[in-house]
Structures are given as C-alpha cells and as structure tokens.
Amino acid sequence: MRQATLDRRDVLARIFPDPDRYLFISGLAGPARDTAGLTKDGANTFTMAGAMGAATTVGLGLALSAPDRKVAVVTGDGELLMNIGSLVTVASMAPPNLTIVCIDNGCHGETGGQTGHTSRTANLEQIAKGAGIASSTVVETEADLDKAAAFLEEMPGPRFIQVRVTDGPPTNYKRNFNMAECRIRFRTAAMNTAGG
Amino acid sequence: MDEHWSVDGHRHFKAAGIRQVAYVPDAGLTKLIERCREDNEIETVMCATEEEGIGLAAGAWLAGQKSAVLMQSSGVGNTINAIASLITSAHFPLFTIVTMRGQWGEGNPWQVPMGQAVAPVLEAIGVKTFQADTAADVSPMIEAGLRMAYSTDQAIAVLVSQRVIGSKVWVAGSSEGKP
C-alpha cells in the first residue's frame, strides 16, 4: 500500500469547490471539524460528536427524503467501519443524489491515533464496490484530487470516495455543539432552499 | 374475524404522513412491512441492522419527512447508542414499533434476556414506551404514539406483545422453540 501524503485539511475544498450546493452530514471527530471548516459550519451542515457509525444512514435518510438535493456524507474510516453494513443498504436503495466521502487516516485520531483496520488489511473502496455502490474511487495523490470534483459531477450515484490522508490533525474549527439548534437550523435550510 | 393490526397501523401511518419506513425483517412485522412496501407513497428501507433505522429516521426528519422504524425486540439492543446519542441528545422525534419476543410463552432461551430488557432499557435512554398487551391496544397506541412523537419531538416505542403476535408465527416451519 502506498504511503499516504495528502493533508486532510486541504481535501474537502478540492472535492467540493462549491459547498453551498450540498447538504452535508458528517460523522464525529475529525471529519466533523473538516466539514465545519469547509462550510463555516453553515446551515447546510449537520455534524455529529457522537452516535459513531450513524453518519451514512443519516445521509441516506436525508437523500431519500430530499431527492432534489445533493447530499454528501463526510465520515472517517473508524466511523464508517462501525456500521460498514450501511454501505449495503445505501447500494440497495441506490439514491442518485448521495455521495459518501471517507477521510481515511488509517487510525483513530480522536482517541490518540491508535492504528485502524485500513492500515492493516481492509480496503474501503473495494468494500464499497462489493456492496454494490454505483461509483467508487480512491483519492491518494494531488492528481487524484484534481479529478475528484469531476467524479462527483459526472459519475452516477450513489458515489463513494475514499480519501487517503496522513494522520495529521483535522481542520481547527470550533463548531456549534448545540445539537437541537443545529438540527432545526439544518432542517429549515434544507426545506427552504432550492436544489443546486 | 377481526382485521390484523397491521391494517390499522398502515392507515395511521398514512394519516400521520409517514413517508419512510425502515425495517429489519421479522415474522411478526411481515404484514405491516408488506402493506408499506405495496404503498407507492412510502419509501421502505430494508436495513442490515436496526441501528441503521435510527440514522434513517434522523435523516428523514432533517429533510422534513416523517418516518417509522420497525424491529423485533432483539434488534432494540442494536439501537441503544444511536438512540441515546443522536435522537435523545438532539431531541429528534422517533417512532418505532417493536414486536416482542422473550416474554409470553417464549420457547427460545436466546430471546429472553433482551426481550425482558427492552422496556427498561428504552426508558433509561429517554424513549417513552407504550406496551400493547392485547390486539385491541395496538391500533390506538400506534395512532397516539405517532401523534406524540411528531407533535412533541419525543421518541416513542410501541411494544407489541408476543401475546398479540402469537406463537404460531415464530415457530412456523421449525421445530425449534417448541416444548
């Protein structure tokens, strides 16, 4: 396996050059901070700080209920693996408007950087493909990153992007931790803004 | 013969505006699941584990839709952290119907501890439980539970007793669990 070189703090802005067009759901820890940094914790963003493993299905429920909106789940390798079976459910329901971005740092960054399964034997992109996800790719170089936005626009959904990054720190962004406020803020934005 | 409770259950779903139904297959839920699957206005999502249904309910709500999650009692054990950390913490509404095992006349010892723990465990994480001990209880509890969940942003579980579901369903085609 090639050594990861990408800095996670740089990747989301390249994948989503126009984040206002998306509704974002993020799993806990680093991906939540990276996502909040991308959107400045905007109303189109619902980030988690718990419920590990739930990001993919929250995004699926949203994508099925808002078929005219582009929905992106931003998760980490640990969060995704906790409910890896949810990829099968995503593939089975096949929402064309859903993209899952897994920021794979190969470790559990939030709890001290303990080695994760993707540093050993697990290949998330192959798992997504095996689940039946329509389009999947691995981003691990600058050249891959240059093509990621086009992948989102051109490939049929649901899409899965595994972004291999170093084990460096996530984006330094302080997000709103009032969950009840965030859920109402998000819902109001999701229901009142046009699709993009 | 009276209609099966799933007829009223589906009717209450329609009246309440339920548009998404997540489930893990269970014999006691089959009729309700089939009614929902045949309904073009309801998106049914077969889950790999019940925990997925909790995320789906939150996601549907974020888009302005109402949903229901259907599971067997053993599946409740798979949902606890998702309910506590996501639903209860953020005050999302949740409506779930749980078909019970491990109680009335259970023949499978694997079902008993989780079945007996369903109500206290759900209540410990902030879910209000309506326990339907007779067939006549089920319909009004579904109707009342849906109203309460979506009018007051509460998590509500209707627990359908094994006494209502009947033992014939769950031992069909198998000698296991018979005395």
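Residues numbered from 1 in each chain as written. Chains lettered and ligands numbered in written order. Predicted model: local features only at pLDDT ≥ 70, side-chain atom pairs only at ≥ 80, totals over all residues. Heavy atoms only, no water.

Asks: How do you make sense of the overall build of chain B when you look at a structure like this?
Replies: Within chain B one finds 9 helices and 6 strands. Projected onto the principal axes, the alpha-carbon positions of chain B cover approximately 50 × 35 × 30 Å. A burial count over chain B gives 54% of its 179 residues as buried. Element-wise, carbon and sulfur atoms account for 51% of the exposed surface of chain B, whose accessible area totals about 7800 Å². When the 13 positive and 19 negative side-chain charges of chain B are each reduced to one mean point, those points stand 4 Å apart. (Helix = DSSP H or I, 4+ residues; strand = E, 2+ residues; numbered from the N terminus. Buried < 20%, exposed > 50% of the residue type's maximum accessible area, 1.4 Å probe, protein only. Areas by Shrake-Rupley, 256 points an atom, 1.4 Å probe, with all protein chains shown as cover. Lys, Arg positive; Asp, Glu negative; His and termini not counted. Charge placed at Lys NZ, Arg CZ, Asp CG, Glu CD.)

Asks: What is the right way to read the pairing of strand β3 (residues 70-76) of chain A from this model?
Replies: The two faces of a sheet get side chains in turn, since along a regular strand they alternate between them. All names here are of chain A. Burial runs high along β3: 6 of the 7 residues are buried. Pairing of strand β1 (residues 22-26) with β3, which is carried by 5 bridges, proceeds in the parallel orientation. Within the sheet, the bridge partner assigned to Ser26 lies in β3 and is Val74. Note: β3 against strand β4 (residues 98-104), 6 bridges, orientation parallel. Residue pairing for β4: Val73 is matched across the bridge by Ile100. (Pairing = 2+ DSSP bridges.)

Asks: Even after reading the chapter, I still don't get the interface of chain A and chain B, so can you show me in this structure?
Replies: Often, the extent of an interface is quoted as the loss of accessible area on bringing the components together. Listed per partner, the contact involves 28 residues of chain A and 29 residues of chain B. Here chain A packs against chain B, burying approximately 2200 Å² in sum over the two surfaces, 64% of which is carbon and sulfur. Interface area lost by chain A to chain B is led by Ser65(A), Arg183(A) and Arg187(A), which between them contribute 28%. One salt bridge in this structure joins Asp153(B) and Arg183(A), with 3.0 Å as the shortest N-O distance. Where chain A touches chain B, the interface holds 10 residue pairs in polar contact (both at pLDDT 80 or more). Only α3 (55-65), α5 (86-93) and α8 (179-192) of chain A provide two or more residues apiece to the side of chain A that touches chain B. Among the elements that line the side of chain A that touches chain B, the one with the most residues is α8(A), at 8 residues. Looking at the side of chain A that touches chain B residue by residue, the classes come out as 18 nonpolar, 8 polar and 2 charged. (Contact = heavy atoms within 4.5 Å. Buried area = accessible area lost by both parts, 1.4 Å probe. Salt bridge = Lys/Arg side-chain N within 4 Å of Asp/Glu carboxyl O. Polar contact = N/O pair within 3.5 Å; in protein donor to acceptor, adjacent residues only side chain to side chain. Nonpolar A, V, L, I, M, F, W, Y, C, P; charged D, E, K, R; others polar.)

Asks: Can you help me understand the packing of aromatic side chains in this one?
Replies: Aromatic rings considered in pairs are described by the distance between their centres and by the relative angle of their planes. Under the defined criterion, the tally for this structure stands at 7 aromatic pairs over all chains. Measuring from centroid to centroid gives 5.0 Å for Phe16(A) and Tyr22(A), while their planes differ by 75 degrees, and the two rings are edge-to-face. The interplanar angle of 75 degrees and the centroid separation of 5.8 Å between the aromatic rings of Phe46(A) and Phe92(B) together place this pair among those described as edge-to-face. Here Phe46(A), found in strand β2 (residues 45-47), pairs with Phe92(B), found in the loop between α5 (80-90) and β4 (94-99), and the two come from separate chains. (Phe/Tyr/Trp six-rings, centres within 6.5 Å; stacked < 30°, edge-to-face > 60°.)

Asks: Just to check I follow, could you spell out unusual backbone geometry for this structure?
Replies: A cis amide bond links Gly157(A) with the next residue in sequence, Pro158(A), at an omega value of 0 degrees. In this structure, Pro158(A) sits in the loop between α7 (142-154) and β8 (159-164). Residues other than glycine seldom take positive phi values, yet Ala94(A) does so here, at roughly 50 degrees. Structurally, the position occupied by Ala94(A) is in the loop between α5 and β4. For His91(B), which is not a glycine, the phi torsion comes out positive at approximately 60 degrees. With respect to the element layout, His91(B) can be found in the loop between α5 and β4. Using a relative accessible area of 44% as the deciding quantity, one classes His91(B) as partly exposed.

Asks: Whenever I open this one, the sheet that holds β1(A) confuses me. Can you help?
Replies: In any sheet, the strands associate via hydrogen bonds between backbone groups, in a parallel or an antiparallel arrangement. All names here are of chain A. Strands sit in the order β2-β1-β3-β4-β8-β7 across an open sheet of 6 strands; the sheet is parallel. In this open sheet, the two strands that pair with only one neighbour each are β2 and β7 (135-139). The average angle at which neighbouring strand axes cross in this sheet is 15 degrees, direction not considered. Two elements, β4 and β8, share 6 bridges in a ladder whose sense is parallel. Looking at β8, one finds that Ile103 is bridged to Val163. Packed on one face of the sheet, α7 meets β1, β3, β4, β7 and β8 and runs near 165 degrees to β7. (Axes fitted to C-alpha atoms, helices over the stretch in contact; angles between N-to-C directions.)

Asks: Whenever I open this one, the sheet that holds strand β6 (residues 155-160) of chain B confuses me. Can you help?
Replies: Residues and elements named next belong to chain B. The strand order β2-β1-β3-β4-β6-β5 describes an open sheet built from 6 strands, whose pairing is parallel. On the outer flanks of this sheet lie β2 (43-46) and β5 (128-132), each paired with one strand and no other. When strand polarity is set aside, the average angle formed by the axes of neighbouring strands in this sheet is 20 degrees. The sheet contact formed by β4 and β6 spans 6 bridges and is parallel. Within β6, the position partnered with Phe95 by the bridge is Ile156.

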